[in-house]
Amino acid sequence: MSKVIVMTSGKGGVGKTTSAAAFAAGLAQRGHTTVVVDFDVGLRNLDLVMGCERRVVFDFINVINGDARLNQALIKDKRLQNLYILPTSQTRDKEALTIEGVRRTLDQLREDFDYIVCDSPAGIEKGAVTALYFADEAVIVTNPEVSSVRDSDRILGVLQSKSRRAEEGLDPVGEHLLLTRYDLDRVERGEMLSVDDVLDILAIDLLGVVPEDQAVLRASNVGQPVILDGESSPGQAYRDSVSRFLGEDIPHRFLKREKRGVFQRLFRRSA
C-alpha cells in the first residue's frame with residue numbers, strides 16, 4: 001500500500017529539502033517506486049538539490065489547476081530508475097495549494113508509487129499544514145538547537161490534531177526524528193543540545209543523526225542527493241535512516257566519538 005511521508009520542520013534552514021531528496025533517493029535505491037514532491041510554492045529548491053532545474057516544464061500547481069497532466073509534470077531521475085520528482089511553482093503563492101487539488105494529485109500518485117515523499121515548507125502556514133494533512137508518516141527534521149527543537153514540538157502538536165488521520169479517527173501519523181547538522185565538538189563544549197537532550201524534549205523515535213559535514217553542501221551544489229555519496233558520513237547516516245524506516249534494526253552511529261583502534265593510533269602518531 002502506498003504511503004505519504006512528509007518531511008517537515010518548525011524552523012527553516014535545518015536541511016529539510018536535503019533530507020527529502022536523500023530519503024527519496026534512498027527508498028528508490030532499495031527498489032521502491034518513489035516520488036518526491038515540492039510543497040514549498042514560491043520558494044522551490046527541490047529541483048536544484050535533485051539537479052533537474054533545467055528540465056522543469058510543468059509543475060505541481062499546473063497539475064492542481066488542470067493546466068497540465070500529472071505525467072507531463074513528473075521528472076524522471078537520471079540516476080535512479082525508480083525515482084521521480086514533482087517540482088512546484090516559483091511564481092505562485094501558497095494559496096494555490098488547495099486541499100482538494102492536493103488530495104486529487106496524491107490519489108493519482110498513490111496508484112503508481114510505493115512512497116510519496118513531501119518536501120514541506122517550514123512552520124505552520126498553509127503550505128506546511130496542507131502537506132502535513134495527508135501524511136501517513138512524518139519525519140521531523142530538527143537541528144540540535146533550542147529554537148529548532150521547540151518549533152518541532154509545535155509541529156508534532158499539529159500532526160496530532162490537524163492531520164487527516166486525526167480528523168477521521170484513524171491510526172495516528174507515524175512520527176520519526178531526524179537530527180541534522182550534529183556537531184560533537186559543539187555538544188562537548190555545551191554549545192549544542194545532545195541527542196539525549198532532544199529526545200527528552202520531543203519524546204519520539206530517533207530515525208537517525210546526520211553529522212555536520214561539508215559533503216552536504218557539495219552535494220547540493222552539484223544537484224545530487226547526498227545519500228548517493230556513500231563515502232561521506234551524511235550519506236551513510238541517511239542510508240542508515242532509510243533502513244530503519246523500512247524496519248531494519250541498525251545501530252545508531254555518529255552519536256559519540258568513535259574510539260580508534262591500536263593500529264589507527266599508531267598510524268596517527270607516525271604521520
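Keep in mind that what you see is a predicted model, and the values were worked out from it rather than measured.

**Some thoughts on the packing of helix α7 (residues 146–162) against helix α10 (residues 195–202)**
A pair of packed helices is captured by two measures, namely the crossing angle of their axes and the spacing between those axes.
Line of reasoning, step 1. Across the interface, α7 lies against α10 with an axial gap of 10 Å and an inter-helix angle of 35°. Two packed elements cross with a definite hand, and for α7 against α10 that hand is right-handed. Taken together, the residues of α10 that come into contact with α7 (itself represented by Val149, Ser152, Asp153 and Leu156) are Val198, Ile201 and Leu202.
Line of reasoning, step 2. Its residues assigned to classes, the contact of α7 with α10 comprises five nonpolar, one polar and one charged.

**Considering the packing of aromatic side chains**
Line of reasoning, step 1. With the rule as written, the count across this model stands at five aromatic pairs.
Line of reasoning, step 2. Measuring from centroid to centroid gives 5.4 Å for Phe23 and Phe245, while their planes differ by 80°, and the two rings are edge-to-face. Pair noted here: Phe23 is in helix α1 (residues 16–29) and Phe245 is in helix α12 (residues 233–245), with a separation of 222 residues, a long-range link.
Line of reasoning, step 3. The interplanar angle of 70° and the centroid separation of 6.1 Å between the aromatic rings of Tyr115 and Phe245 together place this pair among those described as edge-to-face. On the criterion of sequence distance, the pair formed by Tyr115 in strand β5 (residues 115–119) and Phe245 in helix α12 is long-range, its members being 130 residues apart. Summarising the burial analysis for this pair, Tyr115 and Phe245 share the class buried.
Line of reasoning, step 4. Put simply, the rings of Phe23, Tyr115 and Phe245 touch in pairs and so form one group of aromatic residues.

**Quick look at unusual backbone geometry**
Line of reasoning, step 1. The phi torsion at Arg181 lies on the positive side, around 60°, for a residue other than glycine.
Line of reasoning, step 2. Within the secondary structure, Arg181 is located in strand β7 (residues 174–182).
Line of reasoning, step 3. In this structure Arg181 comes out as partly exposed when scored by relative accessible area, which is 41%.

**Quick notes on the nonpolar core**
Line of reasoning, step 1. Ranked by internal contacts, the top residues of the largest apolar core, which has 48 residues, are Leu86, Leu109 and Ile116.
Line of reasoning, step 2. Take this core: its biggest share by element is five residues, from α7.
Line of reasoning, step 3. When residues no more than four places from it in sequence are discounted, the contact partners of Ile116 are Ser2, Lys3, Val4, Ile5, Val35, Val37, Leu106, Leu109 and Arg110.
Line of reasoning, step 4. Within the second largest apolar cluster, 36 residues are counted, among which are Met7, Ala22, Val49 and Val226.

**Thoughts on the side chain of Thr142**
Line of reasoning, step 1. In this structure, Thr142 sits in strand β6 (residues 137–142).
Line of reasoning, step 2. Its relative accessible area of 0% is what places Thr142 among the buried residues.

**Examining the state of the cysteines**
Line of reasoning, step 1. Throughout the structure, instances matching the rule amount to zero disulfides.
Line of reasoning, step 2. The cysteine Cys118 is free of any disulfide, with Cys52 supplying the nearest cysteine sulfur at 16 Å.
Line of reasoning, step 3. A relative accessible area of 1% places Cys118 in the buried class.

Conventions and cut-offs
- Residues numbered from 1 in each chain as written.
- Predicted model: local features only at pLDDT ≥ 70, side-chain atom pairs only at ≥ 80, totals over all residues.
- Heavy atoms only, no water.
- Axes fitted to C-alpha atoms, helices over the stretch in contact; angles between N-to-C directions.
- Helix = DSSP H or I, 4+ residues; strand = E, 2+ residues; numbered from the N terminus.
- Left-handed = near helix turned anticlockwise from the far one by under 90°.
- Contact = heavy atoms within 4.5 Å.
- Nonpolar A, V, L, I, M, F, W, Y, C, P; charged D, E, K, R; others polar.
- Phe/Tyr/Trp six-rings, centres within 6.5 Å; stacked < 30°, edge-to-face > 60°.
- Buried < 20%, exposed > 50% of the residue type's maximum accessible area, 1.4 Å probe, protein only.
- Core = buried A, V, L, I, M, F, W, Y, C linked by side-chain atoms within 4.5 Å.
- Disulfide = S-S within 2.5 Å.

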